[in-house]
Amino acid sequence: MTPHEAKGATQYTTYHPRWYRTRVSTYWWLGKWYYLKFVLRELSSIFVAYFVVITLLQIHSLSRGPEAYARFEERMRNPLMIALDAITFLFVLFHTITWFNLAPRAMVVRLGGKRVSEILIAGSNYVAWLVISASVAWFILR
Amino acid sequence: MATDAPKKLLEPFFWTLFSAGGVVAALLMPVHIFLFGLAFPLGWIRDLSHTRALALIEHPLVRIYLFVFCSLPLFHWAHRFRYTLYDGLQIKHLNEVITVFCYGGAIIGTALAGYLLLSLP
């Protein structure tokens, strides 16, 4: 075989044999804490969307008058709703923590040619979170 | 190849919305859920009256805030939920339906938020 022919043989074609892939179980993420954490983090998005829906319902009832708003508040006092909101709170907290811990890897900050440490970036995110949460609570409750 | 072009343009756009929604949800949602989902319903803090709640929402900046609060996290959900179904449950044959359901839901939610906030007295 000449070198030219050998080169030709390794060229890509649109045809290839079927790849060998073992079938992955639907429950692949249950085996390891690391995988489970990943799936729980992704599932937190459902609770994020759920609370947006609650907020939209609240705005809607607000626009329909005092009786409608009282009905909304009454429904929020249902023990099942409170249980669901407690779970939602935990999932969204999980989202917040995983999001801030990943932030230093998604956003590399350099100051004076040196990489700012991960703890500093994550830490400043947590501080911002506390300040913003306190401000929002103050604005609503003042 | 030509049919791929819009897809390649949309992907980074949706990813930016996902990322912005992730930030909004991480920073703002816990305090909202704590107050409206737990503290008010359980009586830890006295409920907001209708008049007080309306007064709060009267300011245009609060409405813009609530619009962002509703819209961006929905796009965050759309992106994550799409890939959860795709990778987690391996529902790959329904890829198109799932994409339309997720981003369609986020777009409808955004429109609804805009409509509700604009039609408030």
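In what follows, the structure referred to is the one given above.
None of the values given here were measured: they were computed from a predicted structure.

**Some points on the nonpolar core**
Within the largest apolar cluster, 62 residues are counted, with the highest numbers of intra-cluster contacts made by Ile140(A), Met29(B), Leu35(B) and Ile57(B). Going through the elements one at a time, α2 (33–63), α3 (66–76), α4 (79–106) and α5 (118–141) of chain A together with α1 (4–39), α2 (50–58), α3 (60–88) and α4 (95–119) of chain B are the ones with two or more residues in this core. When residues in this core are grouped by element, the largest group, 15 residues, is from α1(B). Two domains each donate at least three residues to this core, and these are domain 1 (13–95) and domain 2 (107–142) of chain A. Apart from the residues within four sequence positions on either side, Leu35(B) is in contact with Ala137(A), Ile140(A), Leu141(A), Phe40(B), Pro41(B) and Ile45(B).

**Thoughts on the environment of Gly114(B)**
Residues and elements named next belong to chain B. Structurally, Gly 114 is set in helix α4. A relative accessible area of 17% places Gly 114 in the buried class. When the C-alpha atoms of Gly 114 and Leu 66 are compared, they prove to be 9.3 Å apart, with 48 residues separating the residues in sequence.

**Re the layout of surface pockets**
Within this model, the largest pocket holds a volume of roughly 470 Å³. Around the largest pocket, the lining comprises 17 residues; the ones closest to its centre are Trp99(A), Ala106(A), Trp15(B), Phe18(B) and Ser19(B). For the lining of the largest pocket, the elements supplying multiple residues, two or more each, are α2 and α4 of chain A together with α1 and α3 of chain B. In terms of residue class, the lining of the largest pocket is made up of 11 nonpolar, three polar and three charged. The computed volume of the second largest pocket comes to approximately 390 Å³. Lining the second largest pocket are 21 residues, with Ile140(A), His32(B), Phe36(B), Val62(B) and Leu66(B) sitting closest to its centre. Elements with a minimum of two residues in the lining of the second largest pocket: α2 and α5 of chain A together with α1, α2 and α3 of chain B. Within the lining of the second largest pocket, the residues separate by chemical class into 17 nonpolar, four polar and no charged.

The rules we used
Residues numbered from 1 in each chain as written. Chains lettered and ligands numbered in written order. Predicted model: local features only at pLDDT ≥ 70, side-chain atom pairs only at ≥ 80, totals over all residues. Heavy atoms only, no water. Core = buried A, V, L, I, M, F, W, Y, C linked by side-chain atoms within 4.5 Å. Buried < 20%, exposed > 50% of the residue type's maximum accessible area, 1.4 Å probe, protein only. Helix = DSSP H or I, 4+ residues; strand = E, 2+ residues; numbered from the N terminus. Domains from an automatic or database assignment. Contact = heavy atoms within 4.5 Å. 1 Å grid on protein atoms, 1.4 Å probe; cavity = no way out; pocket = protein on both sides within 12 Å on 5 of 7 lines; lining within 4 Å. Points joined across faces, edges and corners; volume = space filled by probe spheres on them. Nonpolar A, V, L, I, M, F, W, Y, C, P; charged D, E, K, R; others polar.

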